[in-house]
Amino acid sequence: MGIALRLEQLSKTFGERDAAVHAVDAVSLTVDEAEVVLIQGPSGAGKTTLLAMAGGLMRPSAGRVYLGDTELTALTERELPAVRLRKIGFIFQSANLLANLTAAENIQIVMEAAGLRRRDAKKRADDLLDRLRLKHRSDRLPDKLSGGERQRVAIARALANDAALLLADEPTANLDSRAGYQLMHTLENLAKEHGKTVVAVTHDHRIEDVADRVVWLEDGHLSDRRPELNETATDPVCGMTIDPSRAAGSRQRGGHTLFFCSDICLDRFDSRPDAFAP
Ligand SMILES: Nc1ncnc2c1ncn2[C@@H]1O[C@H](COP(=O)(O)OP(=O)(O)OP(=O)(O)O)[C@@H](O)[C@H]1O
Ligand SMILES: [Mg+2]
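Here the structure is a predicted model, which means the values were calculated and not measured. (Residues numbered from 1 in each chain as written. Chains lettered and ligands numbered in written order. Predicted model: local features only at pLDDT ≥ 70, side-chain atom pairs only at ≥ 80, totals over all residues. Heavy atoms only, no water.)

Caption draft 1: Spatial organisation of the packing of helix H5 (residues 147-159) against helix H6 (residues 177-194). Look at H5 against H6: their axes get within 9 Å of each other, and the N-to-C directions meet at 15°. When the axis of H5 is compared with that of H6, the two are roughly parallel. As for how H5 packs across H6, the hand of that crossing is right-handed. Contacts between H5 and H6 pair Gly-148, Gln-151, Arg-152, Ile-155 and Leu-159 from the former with Ala-179, Gln-182, Leu-183, Thr-186, Leu-187 and Leu-190 from the latter. Across the contact of H5 with H6, the residue classes break down as 6 nonpolar, 4 polar and 1 charged. (Axes fitted to C-alpha atoms, helices over the stretch in contact; angles between N-to-C directions. Helix = DSSP H or I, 4+ residues; strand = E, 2+ residues; numbered from the N terminus. Parallel < 35°, antiparallel > 145°, perpendicular 65-115°, else oblique. Left-handed = near helix turned anticlockwise from the far one by under 90°. Contact = heavy atoms within 4.5 Å. Nonpolar A, V, L, I, M, F, W, Y, C, P; charged D, E, K, R; others polar.)

Laid out in structure tokens, this is it:
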């Protein structure tokens, strides 16, 4: 089995000097073909930033991204879009379908962008919708679909150009648990039956079972220590008990990680860390 995605010492800094935010800090990660990897971590940990760099949507401040043998970070701005279109499928928290196109047309359009003839694109869109058990919805506009159906159309769109790598940012966030399971099993099936590689960001503990691996991102760093499912943390500012993977943010302090319930507590901590640190 080959390597689908390799991140090498990837970093992203927003802003400069005093205002600099190290959103992702020297993260290395290797994902095998047909592997399903979930990325978890508190809000602001850098998950979306990491995924955007892995998919060539954002340039890293430092480090390299390899898609198979292709170094994505070595491509020029002119070369990047075509590679992205053919090799990577994106699925976001909301399906981001074009509102005035039907389900089928939303899928067709990305194939036509890649140069496929309209007739072939239409046929393949129908096949994909069939595979995702949405054939009966192909002529519907997005606002006449359920949230789960919209997300499956988004998956079909991500598969349209036969990308080997699917990157998903909180794909189940707006779904109830039944639709969430169905979506994740669809992704699992694409990996196990069709050899797709799936990297998904999620806060959703319910769907961990479909993953081959869960990695934990905290304050821009990949961490070996992932909180247990039932593990709780205490917000040092307000004293509330919280789930680390749903925390509003985290800070490193004296070798410990502190988790915060909300931005309000995070701001209070940042303004006077010594008053709250253990
Ligand atoms: N365009 C930007 N400009 C400045 N700062 C940014 C930008 N995008 C993200 N950040 C900052 O980088 C850090 C990581 O953000 P990111 O969106 O990657 O977090 P996340 O883990 O996806 O959080 P969430 O779970 O809330 O989606 C945060 O501190 C955020 O404020
Ligand atoms: Mg995010």
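Caption draft 2: Molecular detail of the sheet that holds strand E3 (residues 36-40). Spatially, the 6 strands line up as an open sheet ordered E6-E7-E8-E3-E9-E10, and their pairing is mixed. Every interior strand has two partners, whereas the edge strands, strand E6 (88-91) and strand E10 (221-223), have only one. When the angles between neighbouring strand axes are averaged without regard to direction, this sheet yields 25°. Pairing of E3 with strand E9 (residues 213-218) involves 4 bridges; the strand directions are parallel. Of the residues in E9, the one forming a bridge with Gln-40 is Trp-216. In the packing of H5 onto the sheet, contacts are made with E6 and strand E7 (165-169), and the angle to E6 comes to roughly 165°. Those strands touched by H6 are E3, E6, E7 and strand E8 (197-201), and its axis lies near 140° from that of E3. (Pairing = 2+ DSSP bridges.)

Caption draft 3: Spatial organisation of empty space enclosed by the protein. For the structure on display, the rule yields 2 cavities of 30 Å³ or more. Roughly 50 Å³ of volume is contained in the largest cavity. If you add up the space inside the second largest cavity, you get close to 30 Å³. Lining of the second largest cavity is provided by Leu-5, Leu-7, Leu-29, Ile-39, Leu-50, Leu-51, Ala-54 and Val-199. Within the residue set of the lining of the second largest cavity, elements represented by two or more residues are strand E1 (3-14) and helix H1 (47-54). For the lining of the second largest cavity, the element with the most residues is H1, which contributes 3 residues. Grouping the amino acids of the lining of the second largest cavity by side-chain chemistry returns 8 nonpolar, no polar and no charged. (1 Å grid on protein atoms, 1.4 Å probe; cavity = no way out; pocket = protein on both sides within 12 Å on 5 of 7 lines; lining within 4 Å. Points joined across faces, edges and corners; volume = space filled by probe spheres on them.)

Limitation: the analysis is restricted to geometry and does not speak to function.
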